[in-house]
Amino acid sequence: MTAAAVRVRHPVGPSPATERFLASADLPTPYLVLDPQVVADRYGQLRAALPAAEVHYAVKACPHPEVLRTLVALGCGFDVASPGEVELVIAAGADPDRICYGNPVRGPGDVAAAHAAGVRRFVTDSAEDVRLLAARAPGARVLVRLLVSDAGSATPFAAKFGVLRDEAVRLVGAVADAGLVPEGIAFHSGSQQVRPEAFADGLAAARDVAEDAGLPRPVLDVGGGFPVAYRDPVPDLAAYAAAIRAAAAGADLMLEPGRALVAEAGLIRSTVLRASRRPGVDHRRWVFLDVGRYSGLAETENEAIAYRLRVPGRTGPDEPVVLAGPTCDGDDVLYRRTPCPLPLSLEAGDAVDLLAAGAYTASYASVGFNGIAPLPVHVV
Ligand SMILES: *Cc1c(COP(=O)(O)O)cnc(C)c1O
């Protein structure tokens, strides 16, 4: 086996501090436990792999104030999607100069609010938005988002954002004509992107646009997408760093990791509400948890993300089950196809943990569908 072939990251267990919290906590479930030290460790690993890159954490992955404060203290920047996220990161101590407003979908009030808060860097993908920025954020630095392939992504953007090559070149010109500062090119090859080459391909395409648009030393923003080892190993950060370094020479690099910094910092503890045989309906047992699609497990839609499960109080032989959430919505089934072997002895009242659940969970919980409260978060 070659050295490159073993550059993978394997699934990791909960942090020691998380285990201590679980052992002593007697709290109502479900809840998310967050360990900010794990976020700090992952940030350190990313910085070590790509020391020259400017890192902007994608706030939406986990906007908890403790996570934001931890990253502010380490000198991290932020990628935000709304004035609400601008406020959150500034309240956590971030310098507005280290904020990039990456969501190109926004209204005049959003741009004006961000500008008033001191945000001076924006990503755009339309002539309409460039006019809006010129009117409401004069003098801003602007990156143009290029549409790239998201093959290899578990949760792709499906072409919602970005423009094709020639339009990207035109938009760079439009940014300059509008009196704004054209800084470079941004892209995002889809979240949970398991192909490091996707970053190299995106960078090659972005450089090509920057050259054609006459940007001498562009900022190239590779977005996020760095994957998490949920159940299976994924290429590790070193593999991504190697692909990115080789393709980014002569440019100023920007990264916007979300998932990769926070997923392993979180664990969801839930409780089994019922474990039922369903004669004639399904040969498998159905296990209903007190956490589901609408209380934090949004990424189980289409079974895109398969969390690793752990049953702390049970041993013995397993059987495959269907795992479902608590609400009366038919879509609130977490895994039908994804294998979920759980102990035969599992019954109502047992704890079930979902590992590496710090990203895209608590912030996705509904405010009260079926009267179920948003997922509480406890920081260790
Ligand atoms: C969501 C998002 C990210 C973070 O993506 P991850 O896959 O979680 O790393 C980065 N940049 C932008 C513009 C995003 O929308």
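Residues numbered from 1 in each chain as written. Predicted model: local features only at pLDDT ≥ 70, side-chain atom pairs only at ≥ 80, totals over all residues. Heavy atoms only, no water.

J.: Now, about the pairing of strand β4 (residues 77-80): what can you tell me, with residues and values included?
T.: The alternating pattern of β4 places G77 and D79 on one face and F78 and V80 on the opposite face, and all of these are buried. Direction of pairing for strand β3 (residues 54-58) relative to β4: parallel, over a ladder of 3 bridges. Paired with H56 across the strands is G77, a residue of β4. For the crossover from β3 across helix α3 (residues 65-73) to β4, the handedness is right-handed. In this sheet, strand β5 (residues 99-101) lies alongside β4 in parallel orientation, the contact comprising 3 bridges. For V80, the partnering residue across the bridge sits in β5 and is Y101. Chirality of the crossover, the property in question, places the unit of β4, helix α4 (residues 83-91) and β5 among those that are right-handed. (Buried < 20%, exposed > 50% of the residue type's maximum accessible area, 1.4 Å probe, protein only. Helix = DSSP H or I, 4+ residues; strand = E, 2+ residues; numbered from the N terminus. Pairing = 2+ DSSP bridges. Right-handed = clockwise from strand over helix to strand, strands pointing away.)

J.: Mind laying out helix α5 (residues 108-116), listing which residues take part and the relevant values?
T.: Turning to α5, its buried residues are V111, A114 and H115. Looking down the long axis of α5, one finds its buried residues gathered within 100° of arc, a one-sided arrangement. Contact partners of the buried residues in α5: α4, β5, β6 (121-124) and α6 (127-136). Following α5 by one or two positions, G118 has its phi on the positive side, about 105°. (Arc of directions from axis to C-beta. Contact = heavy atoms within 4.5 Å.)

J.: Account for the UniProt feature "domain: Orn/DAP/Arg decarboxylase 2 N-terminal" (unreviewed entry) in the protein, with residues named and values stated.
T.: The UniProt entry lists residues 40-263 under the feature "domain: Orn/DAP/Arg decarboxylase 2 N-terminal" (unreviewed entry), expressed in the numbering used here. In residues 40-263, helix accounts for 41% and strand for 19%; the two terminal C-alpha atoms are 12 Å from one another. (UniProt positions renumbered as here; feature names shortened; annotations may be inferred.)

J.: Can you break down the pairing of strand β14 (residues 266-278) residue by residue, with the values?
T.: Two strands pair when backbone bridges link them, and strand β2 (residues 31-34) and β14 are joined in this way by 4 bridges, in the antiparallel orientation. Bridge pairing in β14 places Y31 opposite R269. Relative to strand β20 (residues 351-354), β14 is paired through 4 bridges, and the arrangement is antiparallel. The residue bridging R269 from the neighbouring strand is D353, located in β20. As judged from the 5 bridges shared by β14 and strand β15 (residues 282-289), these two strands associate in the antiparallel manner. Bridge pairing in β15 places R274 opposite F288.

J.: Let's hear about the packing of α5 against α6: which residues, and what values?
T.: Two quantities define a packed helix pair, namely the angle between the helix axes and the distance between the axes. Where α5 contacts α6, the two axes come as close as 9 Å, and the packing angle between them is 45°. Classified by the angle between their axes, α5 and α6 sit oblique to one another. The crossing of α5 and α6 is right-handed. Here P108, V111, A112 and H115 of α5 come into contact with α6, specifically with L132, L133 and R136. Residues that form the contact of α5 with α6 fall into these classes: 5 nonpolar, 1 polar and 1 charged. (Axes fitted to C-alpha atoms, helices over the stretch in contact; angles between N-to-C directions. Parallel < 35°, antiparallel > 145°, perpendicular 65-115°, else oblique. Left-handed = near helix turned anticlockwise from the far one by under 90°. Nonpolar A, V, L, I, M, F, W, Y, C, P; charged D, E, K, R; others polar.)

J.: Describe the packing of aromatic side chains, listing the residues and the values that go with them.
T.: Throughout the structure, instances matching the rule amount to 11 aromatic pairs. Between F21 and Y31 the ring centres are 6.2 Å apart and the planes differ by 80°, which places this aromatic pair in the edge-to-face class. Here the residue F21 occupies a position in helix α1 (residues 16-24), and Y31 occupies one in strand β2, the gap between them amounting to 10 residues. The pair formed by F21 and Y31 is uniform in burial state, with each residue classed as buried. Arranged with centres 5.0 Å apart and planes meeting at 65°, the rings of Y294 and F369 form a pair that is edge-to-face. Remark: F369 occurs in the loop between β20 and β21 (377-379) and Y294 occurs in the loop between β15 and β16 (309-310); sequence separation between them is 75 residues. Using a relative accessible area of 24% as the deciding quantity, one classes Y294 as partly exposed. Directly above the ring of Y335 sits R231, whose terminal nitrogen or CZ lies 5.8 Å from the centroid. (Phe/Tyr/Trp six-rings, centres within 6.5 Å; stacked < 30°, edge-to-face > 60°. Lys NZ or Arg CZ within 6 Å of the ring centre and 35° of its normal.)

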